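What follows is each chain in one-letter form.
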Amino acid sequence: MFKSRLNFILEYLLNLPLLKVTIMLEITRIRNEKDRLIEDLKKRGQDFSSVINQISEFDEQWRSKKTELESLLAESNKISKEIGELFKSGKIDEANVAKNKVATFKAREQELKGEVDQLNDEIQRLLYDVPNVPQDIVPEGMTDQDNEVVEEIGSKPNFDFEAKPHWDLAAEYDLIDFELGVKVTGAGFPFYKGKGAKLQRALINFFLAEAEQAGYTEYIPPFVVNEKSGYGTGQLPDKEGQMYYVGEDDFYLIPTAEVPLTNIYRDVIIPENEFSKKMTAYTPCFRREAGSYGKDVRGLNRLHQFDKVEVVRIEHPSKSEEALEEMLDHVRGLLTKLGLHYRILRLCGGDLGFTSAITYDFEVYSAAQERWLEVSSVSNFETYQANRLKLRFRDENGKTQLCHTLNGSALALPRIMAAILENHQTNDGILIPEPLHKYLTFRKIR
RNA sequence: GGAGGAAUGGUAGAGCGGUUGAAUACACCGGUCUUGAAAACCGGCAUACCGAAAGGUAUCGGGGGUUCGAAUCCCUCUUCCUCCGCCA
C-alpha cells in the first residue's frame, strides 16, 4: 500500500515527461524578472534567491542541452526518412551506409536525453519550493501579529450576565456532543444533535442560497480526490500531512471544496472568454491539523471534520481584483446578516498561504472567549494554481494564457456556530438570527 | 471481484512499420456570391517547448521496449464499455 503510493509520487515527480511541463511559478517569470521575484518574495520573510538562482542556472543548461539534442534528433529524423526512400528504390547498399551513420548518433542522443531529463526534473523539484509572489499591498511581517486590520464592523456585545463559551452552551442545550465524537471516532469529530444539527443545516442552506443569489453555480463534488487534484490546487506536495489519506485507493479526503471545484478546470482551455466561472459547494472538510493543542482546539475552535460552504472563481487576469472585491462583499453580507461583530485582516507576507498572492481573513468576535475566530479566508491565487492546473483561456489573438483563480469560505460553519451561540445568548436561550428563520421551525433555542 | 472489448484532433471516424501531425465528415473561423440569410464554392482550423527568425523537437490514453524509422509490433499501467457477481 505504502509502497504503491510512494511509487506514484516518484513517478509523478520524476517521470514528468520532457515536454509536459507542470510548473508552479511560471518558469518564464524566473527568466524575465528574476531579480524582482527575489525581491518581492522577501516579503514572506524568507530568502528565495538561492533557489531561484539555481533554477535559473539549470534552466540555461537545460535550454542549451535541449537545443543540441533537438538538432541531433532532427538530423536522425532526416536520415531515417532518406533510408525509407532508398529501400523503396532498391538502393539497399546506400541504405545500409546511412543506417550505420545514424547509429553513430545514438550514444550522444541517449546521453543528452538523460541530461535534459535530469535537468528538467531538477527544475520541477525546485519550482515546487517557490511560493506565490505576494501582491504589492500585502504588508510586510512574519506572524499573525503583523496582519493588517483593514476593517472592523459592528461592536462587541454587552451582556448583563456572564457570557458562557459555546462548549458550555452546547452542553446545556444539548446541541453538540464532543465526548460522543471521541468515543465513536476521536477528538475533533463532534456529533451535532437535535437543534444543533438543525441549526447547522440551516446555516448551510442560508449560505448556499446567498451564494446562488450572488451568481454561483452549486455543486456537490466528491469528498475524496486523487493525487493529481491534490497537486493541482497545491495541497500536494506542500501540505501532504494535513490531508487524510486513503491508502487502499490512493485517495485524499478533501480539506476544502476548493480542491474538487478548482480541479474541474484542470487541463482545460476555457473557450473565448467564457468568464467568469463561479462555483459554490457545501462539503465536509477533513483536516489532520497535526500539532494543534490547548485552548485553540477547545470546543468548535478547531476540528478534524467540519462543514464549509466554499466559493471558487475562475477569472480573466484583468478581472481578478474586481472579483476579489466582490467576494469580500459577499462574505461581509453574510456576517452582517447574521448580526455578528467581525473584522477583516489583510494577511502579511509571513502569514500568507504558500499558493496565495493575497489573502483576506474574516474573524468574528467570540464574546465569551474574548477572542477573534477566523471564519473565512478569501484569496487570489492569480496564475499560480492555474499554472499547476494548466487552466487557460484563449485571448483575442488566439493565444493561450493562464487564468486567475480565487476562492473563499462563505462560510466555515463551526466557528460561526460558536459565534452565534455565544453572541446571541440570552438568559433563557439562544436567539436565532432572522435570515435563518425560514429554514427552521424555532426562533430560539431553549 | 471474474470474463471479454476499446482508447486517434472540438466531435464522429480512417489509418499494409517509412514524405502521417495524421484521410474523410461534421462543427468552427475567414472570404466569394447574396438586399440579408441559407445553399454553393474557395481558404483556414491541435497542443507544448526550443529559437531573434528561418525553422526544429515532442505528442495518436500514460510509461517503457523493439527498429535506422512506430499511431501502426511487444510489455506494463490507467481509464471507459459489455456480460456476470456483490451492493446503497
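The rules behind these values
- Residues numbered from 1 in each chain as written.
- Chains lettered and ligands numbered in written order.
- Predicted model: local features only at pLDDT ≥ 70, side-chain atom pairs only at ≥ 80, totals over all residues.
- Heavy atoms only, no water.
- Pairing = 2+ DSSP bridges.
- Helix = DSSP H or I, 4+ residues; strand = E, 2+ residues; numbered from the N terminus.
- Near = heavy atom within 4 Å.
- Polar contact = N/O pair within 3.5 Å; in protein donor to acceptor, adjacent residues only side chain to side chain.
- Nonpolar A, V, L, I, M, F, W, Y, C, P; charged D, E, K, R; others polar.
- Patch = residues over 30% accessible without salt bridge, like charges linked within 9 Å, V, L, I, M, F, W, Y side chains within 5 Å.
- Areas by Shrake-Rupley, 256 points an atom, 1.4 Å probe, with all protein chains shown as cover.
- Salt bridge = Lys/Arg side-chain N within 4 Å of Asp/Glu carboxyl O.
- Lys, Arg positive; Asp, Glu negative; His and termini not counted.
- Charge placed at Lys NZ, Arg CZ, Asp CG, Glu CD.
- Expected span 1.5 Å × (residues − 1).
- Bend = angle between axes of the 7 residues up to and from the residue.
- Contact = heavy atoms within 4.5 Å.
- pLDDT = per-residue confidence, 0-100.
- Core = buried A, V, L, I, M, F, W, Y, C linked by side-chain atoms within 4.5 Å.
- Buried < 20%, exposed > 50% of the residue type's maximum accessible area, 1.4 Å probe, protein only.

This part takes up the sheet that holds strand 19 (residues 444-445). Spatially, the 3 strands line up as an open sheet ordered 17-18-19, and their pairing is antiparallel. Since the sheet does not close on itself, it has two edges, and those belong to strand 17 (425-426) and strand 19, each with one partner. Bridge count for strand 17 against strand 18 (residues 429-431) is 2 bridges, and the pairing is antiparallel. Looking at the pairing, Thr 426 lines up with Gly 429 of strand 18.

On to the protein's contact with RNA strand B, then. Close to RNA strand B lie 21 residues; Arg 31, Ser 80, Lys 106, Arg 394 and Thr 400 are nearest. Atoms of RNA strand B within 4 Å of the protein: sugar and phosphate make up 71%, bases the balance. Between a phosphate oxygen of RNA strand B and a side-chain N or O atom of Arg 63, the distance comes to 3.0 Å. Between RNA strand B and Glu 70 there is a distance of 3.0 Å, counted from a base nitrogen to a side-chain nitrogen or oxygen. In terms of residue class, the surface near RNA strand B is made up of 8 nonpolar, 5 polar and 8 charged.

What follows concerns a negative patch on the surface. Side chains of Asp 144, Asp 146, Asp 351 and Glu 374 sit close together on the surface and give a patch of like negative charge. Tracing the backbone shows Asp 146 in the loop between helix 4 (92-127) and strand 1 (148-153).

Moving on, we get to helix 2 (residues 27-41). A rise of 1.5 Å per residue sets the reference length of helix 2, with its 15 residues, at 21 Å; its end C-alpha atoms lie only 15 Å apart and thus fall more than 12% short of the reference. At Glu 33, helix 2 shows its largest bend, some 105°. Elements in contact with the buried residues of helix 2: helix 3 (49-88), helix 4 and helix 11 (383-389).

With that out of the way, let us pick up the confidence of the model for chain A. Per-chain confidence: chain A averages 87 in pLDDT, with 92% of residues scoring 70 or above. Taken together, the stretch residues 1-23 has pLDDT below 50 and engages in 38 contacts with residues farther than four places along the chain or on a different chain. For this predicted complex, the interface score ipTM comes out at 0.84, while the overall pTM is 0.88.

Now for the nonpolar core. Formed by 60 residues in total, the largest nonpolar core has its most connected members in Phe 207, Leu 335 and Ile 416. It is helix 7 (residues 194-213) that provides the largest number of residues to this core, a total of 8 residues. Setting aside residues no more than four positions away along its own chain, Ile 416 makes contact with Leu 203, Phe 207, Leu 335, Leu 338, Leu 340, Val 364, Val 375 and Leu 411. In this structure, Leu 37, Trp 62, Leu 72 and Leu 119 belong to the second largest nonpolar core, which totals 23 residues.

The next point concerns the sheet that holds strand 6 (residues 245-246). Sheets are built from strands paired through backbone hydrogen bonds, the pairs being either parallel or antiparallel. Reading across the sheet, the 3 strands line up as 5-7-6 and stay open at both edges, with antiparallel pairing between neighbours. Looking along the sheet, the strands with just one partner apiece sit at the ends: strand 5 (224-225) and strand 6. Bridging between strand 6 and strand 7 (residues 251-253) involves 2 bridges; their strand directions are antiparallel. Following the sheet pairing, Tyr 245 is matched in strand 7 by Tyr 252.

Now for helix 7. Along its 20 residues, helix 7 runs 29 Å from first to last C-alpha, staying within 8% of the 28 Å computed at 1.5 Å per residue. By the burial criterion, the buried members of helix 7 are Gly 196, Leu 199, Gln 200, Ala 202, Leu 203, Ile 204, Phe 206, Phe 207, Leu 208, Glu 210 and Ala 211. Gly 215 sits one or two residues past helix 7 and shows a positive phi near 95°.

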